[in-house]
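These are the residues of each chain, in order.
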Amino acid sequence: MREIVLDTETTGLDPLRGDRLVEIGCVEMINCMPTGQTFHRHINPERSMPAEAFAVHGLSSEFLADKPLFAEVVDEFLEFIADAPLVIHNASFDIGFINAELDRIKRPPIVRDRLIDTLMLARRKHPGVSNRLDDLCSRYAIDNSRRTKHGALLDAELLAEVYIDLIGARQSQLILATETRDVRAGGYGEMPRRVREAPLAPRVTDEDRAAHRAFVATLGDKPVWNDFLGG
């Protein structure tokens, strides 16, 4: 199944009060495994950057001044996410900003039915504790040392790792990657091995066997390995 892990950066907290999108980062996953395919764009918000927001992500008005408008990247963005479920930490925040931008250019909103909110998943799995992205990285031993500031693509990459742990997919991957045993009434037993439909052709030729026999004959009646055989 294809899923898209998504994160955004903005000029503030409320799109209804004029705050705008300034960065989108997306990571493609198939069957809970990142594929390496990403979407990442900085966006000109057409407004100044408040100091509070700059302190979070470090994206200045000067840096964003020559970046494309949302209307100029929207088609590429929508093509990348297609109809895949969207995995987002605190999904209502990010999708609120994306839908506000879509509304400005008269595009239909992204429906909330396709959202997977990892903050809600984390709160169910770890009630009563903080479930910020940094906290979850620490809890699941995910290296977030590069995260000196918020960044949409880096945060999406970290969230993809967190999501794998949240839904238990990493454990399934480890089981598949190691030799599997099944528990039977009498203890542990090996799982049946898969058998090739067509056996591999032998690599040792008749000439090889003849040469080996000739070599062994030169060793005489008392080859050295007999000293290591049990009586």
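All residue numbers refer to position in the chain's written sequence, counted from 1. Local features in this predicted model are restricted to residues whose pLDDT is 70 or higher, and side-chain atom pairs enter the listing and the counts only when it is 80 or higher, whereas totals over whole chains, interfaces and linings include all residues. No hydrogens and no water enter the side-chain calculation; it runs on all heavy atoms of the structure.

### Observations concerning the overall build of the protein chain
Secondary structure elements are defined from DSSP: runs of H or I of at least 4 residues count as helices, runs of E of at least 2 residues count as strands, and each element is numbered from the N terminus. Counting its regular elements, the protein chain contains nine helices and seven strands. Contacts: residue pairs with any heavy atoms within 4.5 Å of one another. Long-range pairs, those at least 24 residues apart, make up 63% of the contacts in the protein chain between residues at least 6 apart in sequence.

### Section: helix α3 (residues 70-81)
One less than the number of residues in a helix, times 1.5 Å, gives the span that helix is expected to have. Here α3 spans 15 Å end to end across 12 residues, near enough to the 16 Å set by a 1.5 Å rise per residue. Each residue is assigned to one of three classes by its accessible area relative to the maximum for its type, calculated with a 1.4 Å probe on protein chains only: buried under 20%, partly exposed between the two thresholds, exposed over 50%. Within α3, burial applies to Phe70, Val73, Val74, Phe77, Phe80 and Ile81. The buried residues of α3 occupy one face: seen down the axis, they fall within an arc of 135°. Exposed side chains of α3 directed beyond 90 degrees from the buried face belong to Glu72 and Glu79. Elements in contact with the buried residues of α3: β1 (2-10), β2 (21-30), β3 (33-42), β4 (86-88) and α4 (91-104). Looking at the residues trailing α3, positive phi occurs at Ala82, about 50°. By arc we mean the arc of the directions from the helix axis to the C-beta atoms, nothing more.

### Details of the pairing of β1
Counted residue by residue, β1 has eight buried out of nine residues, so it is predominantly covered. Here the rule is simple: two strands pair whenever DSSP picks up at least two bridges between them. Judged from the nine bridges that link them, β1 and β2 form a sheet pairing that is antiparallel. By the bridge assignment for β2, Glu3 is matched with Met29. Relative to β4, β1 runs parallel, the two being bridged by two bridges. Across the sheet, Ile4 pairs through a bridge with Leu86, a residue of β4.

### Notes on the nonpolar core
The nonpolar side chains of a soluble globular protein tend to be buried with one another. Think of a nonpolar core as a cluster: buried Ala, Val, Leu, Ile, Met, Phe, Trp, Tyr and Cys residues, connected wherever their side-chain atoms sit within 4.5 Å. Counting residues in each nonpolar core, the largest one holds 23 residues, and the members touching the most others are Ile24, Cys26, Phe77, Ile81, Leu86, Ile98 and Ile110. Those elements giving two or more residues to this core turn out to be β1, β2, α3, β4 and α4. Here the element with the most residues in this core is α3; it accounts for six residues. Residues contacting Leu86, with those up to four places away along its chain left out, are Ile4, Ile81, Ile95, Ile110, Arg114, Leu115 and Ile116. In this structure, Met29, Leu158, Val162 and Tyr163 belong to the second largest nonpolar core, which totals 22 residues.

### Here's the deal with the sheet that holds β2
Strand order in the open sheet formed by five strands is β3-β2-β1-β4-β5, with mixed pairing between adjacent strands. Strand pairing shows two members of the sheet lacking a second neighbour, β3 and β5 (115-117), which therefore form its edges. Across this sheet, the average inter-strand angle for adjacent strands is 25°, counted without regard to direction. Axis lines are fitted to C-alpha atoms, over the contacting stretch for helices. Their N-to-C directions set the angle, which ranges from 0 to 180 degrees. Against the sheet, α3 contacts β1, β2, β3 and β4, and its axis sits at roughly 170° relative to β3.

### Describing the confidence of the model for the protein chain
Looking at any residue, its pLDDT shows the predictor's confidence there, from 0 to 100. For the protein chain, the mean per-residue pLDDT works out to 87, and 81% of the residues sit at or above 70. Note that pLDDT drops below 50 for residues 176-194; the model gives that stretch 18 contacts with residues more than four away or on any other chain.

### A short note on the environment of Leu166
Within the element layout of this structure, Leu166 appears in helix α7 (residues 152-166). Apart from residues lying up to four places away in sequence, Leu166 is in contact with Thr118, Leu121, Ala122, Lys125, His126 and Tyr140.

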